[in-house]
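As a plain string of letters, each chain reads:
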Amino acid sequence: MKVKQVAKTRYQLRDIVLIGIVGVFCGAIFFTTDLAYNVLTAGLSAVGLGPIANELLIGLWMIAGPLAGVLIRRPGACALAEILGGFVEMLLGGEFGAAAVLAGVIQGIGSELGFAITGYRHFDKLGLFLATLTGTIVTFGWRLISAGYSKYSWGFILLLLVVRFISIGFFSGILVQGVSRLVARSGILQHDVSKVG
C-alpha cells in the first residue's frame, strides 16, 4: 500500500530540533567521510581511478537530506539538514572548508526535488527513489562543471554517474529507509515512518 500523506508546511519546535539533531549527527559523519575520502582517493589514484572515490562516498555526504525529509516531512527539511550538516563538517575542520556548505546547498536541493515532485505526498520507497534520482542528476551536473568531469571520456563519465547513483541509492535510500523504520519502532515521532517502504 502506497502512503500519500501531504506534508505540513508549518514547522514546529520539534521539527527544528530534529533538523538540528540530524544536521549535527550527519555533519560528524561527513567529517569522517572526508578522512575516508583521502585514503580511498590515494588508493584509487594509484590505478588511475581517483575520481571514483568521490562517487563511492557521495551517498554518505548526502544522507542528511533524505533522512530529514522522511523523518520531518516538511518542505525544505532536506535542504536545511544538508546545509547544516555541511556547516558542522566545516566547523569540525573538514578539509573542504566553506565548500562543504555550498555542497550542502546543492545536495540538499537535489534531494529536496525528489520529494517535491510528488507534492511532498510520498515519503516511501517512491519518494526516496525520486530523491536518489534528482540528487544524482543535480549533484552530477554540478560535478561536471566544478570538477571538470566533462573532460573525461564518455565511458568514464558514465561509470562515474552509475557509481554515484548506486552510492546515493544505498546510503541515502536503502539505509535511510532502515533508519526510519528503527525510529518508527521507537515511537519517538508521531507520524508513522514505518510506512516508508
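What you see is a predicted model; the values in this text were computed from it and never measured.

Focus on the pattern of salt bridges
And then number 1: Scanning the model with the defined rule gives three salt bridges in all.
And then number 2: Residues arginine 74 and aspartate 15 are paired through a salt bridge, measuring 3.1 Å at the closest nitrogen-oxygen approach. A residue pair is termed long-range when its members are at least 10 positions apart, and arginine 74 in the loop between helix H3 (64–72) and helix H4 (77–91) and aspartate 15 in helix H1 (residues 13–45) qualify at 59 residues.
And then number 3: A residue is classified by how much of its surface remains accessible, and arginine 74, at 7% relative accessible area, is buried.
And then number 4: On the basis of relative accessible area, aspartate 15 is assigned to the buried category, the value being 1%.
And then number 5: The residue glutamate 55 makes a salt bridge to arginine 164 at a minimum N-O spacing of 2.5 Å. Of the two residues, glutamate 55 is situated in helix H2 (residues 52–61) and arginine 164 in helix H7 (residues 154–186); the sequence distance between them amounts to 109 residues.
And then number 6: A residue is classified by how much of its surface remains accessible, and arginine 164, at 1% relative accessible area, is buried.
And then number 7: Shared partners join several salt bridges into a network, and the residues in it are Arg14, Asp15 and Arg74.

Describing the state of the cysteines
And then number 1: With the rule as written, the count across this model stands at zero disulfides.
And then number 2: Sulfur of cysteine 26: no disulfide; nearest cysteine sulfur belongs to cysteine 78 and is 11 Å away.

Looking at the packing of aromatic side chains
And then number 1: The final tally for this structure, using the stated rule, is nine aromatic pairs.
And then number 2: Residues tryptophan 61 and phenylalanine 96 carry aromatic rings whose centres are separated by 6.0 Å and whose planes lie at 85° to one another, so their mutual orientation is edge-to-face. With tryptophan 61 in helix H2 and phenylalanine 96 in the loop between H4 and helix H5 (99–117), this residue pair connects regions lying 35 residues apart in the sequence.
And then number 3: Given the relative accessible area of 31%, phenylalanine 96 is considered partly exposed.
And then number 4: Ring geometry for tyrosine 149 versus tyrosine 152: centroids 5.6 Å apart, planes at 50°, classification tilted.
And then number 5: A connected cluster of aromatic rings, assembled from ring pairs, spans Phe140, Tyr149, Tyr152 and Phe156.

Focus on H7
And then number 1: Its 33 residues give H7 an end-to-end C-alpha distance of 47 Å, which sits within 8% of 48 Å, the value for a rise of 1.5 Å per residue.
And then number 2: Taken as a whole, H7 carries its principal kink of about 30° at valine 176.

Some details on the confidence of the model for the protein chain
And then number 1: When the pLDDT values of the protein chain are averaged, the result is 91; 92% of them are 70 or greater.
And then number 2: Residue range residues 192–197 is modelled with pLDDT below 50. Its contacts to residues more than four positions away, or to other chains, number 23 contacts.

Details of the packing of H4 against H5
And then number 1: It is the contact of H4 with H5, at a shortest axis distance of 7 Å, that shows an interaxial angle of 160°. The pairing of H4 with H5 is recorded here as roughly antiparallel in orientation. The handedness of the crossing between H4 and H5 comes out as right-handed. Where H4 approaches H5, its residues Ala77, Cys78, Ala79, Glu82, Ile83, Gly86, Phe87, Glu89 and Met90 are matched on the opposing element by Ala100, Val101, Gly104, Val105, Gln107, Gly108, Ile109, Ser111, Glu112 and Phe115.
And then number 2: Each residue belonging to the contact of H4 with H5 can be placed in one class, and the counts come to eleven nonpolar, five polar and three charged.

Reading guide: rules and limits
- Residues numbered from 1 in each chain as written.
- Predicted model: local features only at pLDDT ≥ 70, side-chain atom pairs only at ≥ 80, totals over all residues.
- Heavy atoms only, no water.
- Salt bridge = Lys/Arg side-chain N within 4 Å of Asp/Glu carboxyl O.
- Helix = DSSP H or I, 4+ residues; strand = E, 2+ residues; numbered from the N terminus.
- Buried < 20%, exposed > 50% of the residue type's maximum accessible area, 1.4 Å probe, protein only.
- Disulfide = S-S within 2.5 Å.
- Phe/Tyr/Trp six-rings, centres within 6.5 Å; stacked < 30°, edge-to-face > 60°.
- Expected span 1.5 Å × (residues − 1).
- Bend = angle between axes of the 7 residues up to and from the residue.
- pLDDT = per-residue confidence, 0-100.
- Contact = heavy atoms within 4.5 Å.
- Axes fitted to C-alpha atoms, helices over the stretch in contact; angles between N-to-C directions.
- Parallel < 35°, antiparallel > 145°, perpendicular 65-115°, else oblique.
- Left-handed = near helix turned anticlockwise from the far one by under 90°.
- Nonpolar A, V, L, I, M, F, W, Y, C, P; charged D, E, K, R; others polar.

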